[in-house]
Amino acid sequence: KHNHEVRNRLEPMMKEYISDFPIYHQPKKPDYKPDNRIGVNFPKYIVDTFNGFFIGNPIKITCDDEGVSEYVEFIDQYNDQDDNNAELAKICDIFGRGYEMYYVDENSQLCITYCSPIEAFMIYDDSVLERERFFVRLYKDENDVVHGSVSDDTNVRYFTIKGTLEWGEEEEHHFDGVPATEYRENEERQGLFEPVLSMVHAYNKAISEKANDVDYFADAYMKVLGAKLTEDELHFLRENRIINFEGEDSGKLVVEFLQKPDADATQENLINRLERLIFQISMVANISDENFGTSSGIALKYKLLSMSNLEKTKERKFTSGMNRRYKILFSHPLARTRVGQDDWTKLKFTFTPNFPANILEEAQIASQLSGITSRET
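Residue numbers here run from 1 along each chain, matching the order of that chain's written sequence. Only residues with pLDDT of 70 or above have their local features reported here, since the model is predicted, and side-chain atom pairs are shown and tallied only from 80 upward, although totals for entire chains, interfaces and linings are computed over all residues. For side-chain calculations, the full set of non-hydrogen atoms in the structure is used, while hydrogens and water are omitted.

The next thing to look at is the sheet that holds strand S5 (residues 132-140). Here the rule is simple: two strands pair whenever DSSP picks up at least two bridges between them. Put simply, DSSP H or I for four residues or longer makes a helix, DSSP E for two residues or longer makes a strand, and each gets a number counted from the N terminus. Overall, antiparallel pairing links the five strands, which are arranged S4-S5-S6-S7-S8 in an open sheet. Each end of this open sheet is capped by a strand with a single partner; those strands are strand S4 (120-124) and strand S8 (164-172). Looking at each pair of strands side by side, their axes are set apart by 20 degrees on average, direction ignored. Here an angle of 0 to 180 degrees is reported between the N-to-C directions of two axes, which are lines fitted to C-alpha atoms, with helices fitted over the stretch in contact.

See below:
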């Protein structure tokens, strides 16, 4: 099931993000026809813009218990967790979900790493609580042999697939639960640009055909009716760009370029409509729009409202994942020497969306409120 999803959904989504669009793989047109292939990478723009908005400012973790706070700060610094969080959030934007795996390294320190759903998946029980039962991670070596591991709530078991499944060694991981967490972009596990892929493909096709039309008009055929030209005369016309026919009946002689109907206005309307819809349906603001930078105050907030709503949904899902992260980490014997197993409940996570700030406007508001509200306010 996982291999089927990788081939049919996950790998194609990654190809969209890295600009490997279907238009590049369409059959080649005949040599006499212009064949431009232009791919505009809306998926990457949508993902990177939203990810910067969501986690451009690192997540702040606070705790009233100073000992717990110091230990969490040590774990996060040791694992470069700000970068891990950003990469995990980006994976969720692309695929609709991502995974985090926990282990102990050679220095006997708790470690956290992120995994793409292309190389990992979680198996849940069939209860309404969807409890984690197994976490599977797998990869191929240079000889195309599949290696991997299966973790349950007590052990990690390694395997190799060389035609048949071969089980390897098994070891205890000492975490109280499956040592991994699934992070979801939304309950449907749908990526950010997945709903607009058909429009992105239509946009790429439209703008490529527009480029083909430009090439066509640049290389338009000339027709000459009423005069028979030799090869030398045709060569002379091409080289010198001069037409001079002598003694011909001007009423019967026709010299002009062949032109197909001009669809420029239709193409432009389609391209503009698709661009608007891509940003509207993905709910990510087009911050490169020339009218965006001139907006201020409440107008700017309205422009960012859809993206802010999207961010709030992801914030709740990410908080759920981080709760499980520290719950599993604090259950390990290495952590219990410094924190209690239930101390993860004391942690508070603060997300700060990366809104553009108008300092001048804020200063003017503060000045106008002076004498009306308290100085602290």
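There's plenty left to go through after this.
Moving on: unusual backbone geometry. Even without being glycine, Ser108 reaches a positive phi, approximately 60 degrees. Take Ser108: it is sitting in the loop between strand S2 (97-104) and strand S3 (110-115). A relative accessible area of 45% means that Ser108 is categorised as partly exposed. Although it is not a glycine, Glu130 adopts a positive phi angle of roughly 50 degrees. Tracing the backbone shows Glu130 in the loop between S4 and S5. Three labels apply to residues, based on accessible area from a 1.4 Å probe with only protein chains included: buried if under 20% of the type maximum, exposed if over 50%, partly exposed otherwise in between.

In contact at an axis separation of 12 Å, helix H2 (residues 42-55) and helix H7 (residues 264-282) are set at 35 degrees when each is read in the N-to-C sense. Here the hand of the crossing between H2 and H7 comes out right-handed. Contacts between H2 and H7 involve Phe42, Tyr45 and Ile46 on the former and, on the latter, Glu275, Ile278, Phe279 and Ser282. Throughout, the ten residues Ala, Val, Leu, Ile, Met, Phe, Trp, Tyr, Cys and Pro are labelled nonpolar, Asp, Glu, Lys and Arg are labelled charged, and all others, Gly among them, are labelled polar. Taken together, the residues that form the contact of H2 with H7 break down as five nonpolar, one polar and one charged. Handedness of a crossing is defined here by the sense of rotation of the near helix relative to the far one, left-handed for an anticlockwise turn of less than a right angle and right-handed for a clockwise turn. A contact between two residues is defined here by any heavy atoms of the two lying within 4.5 Å.

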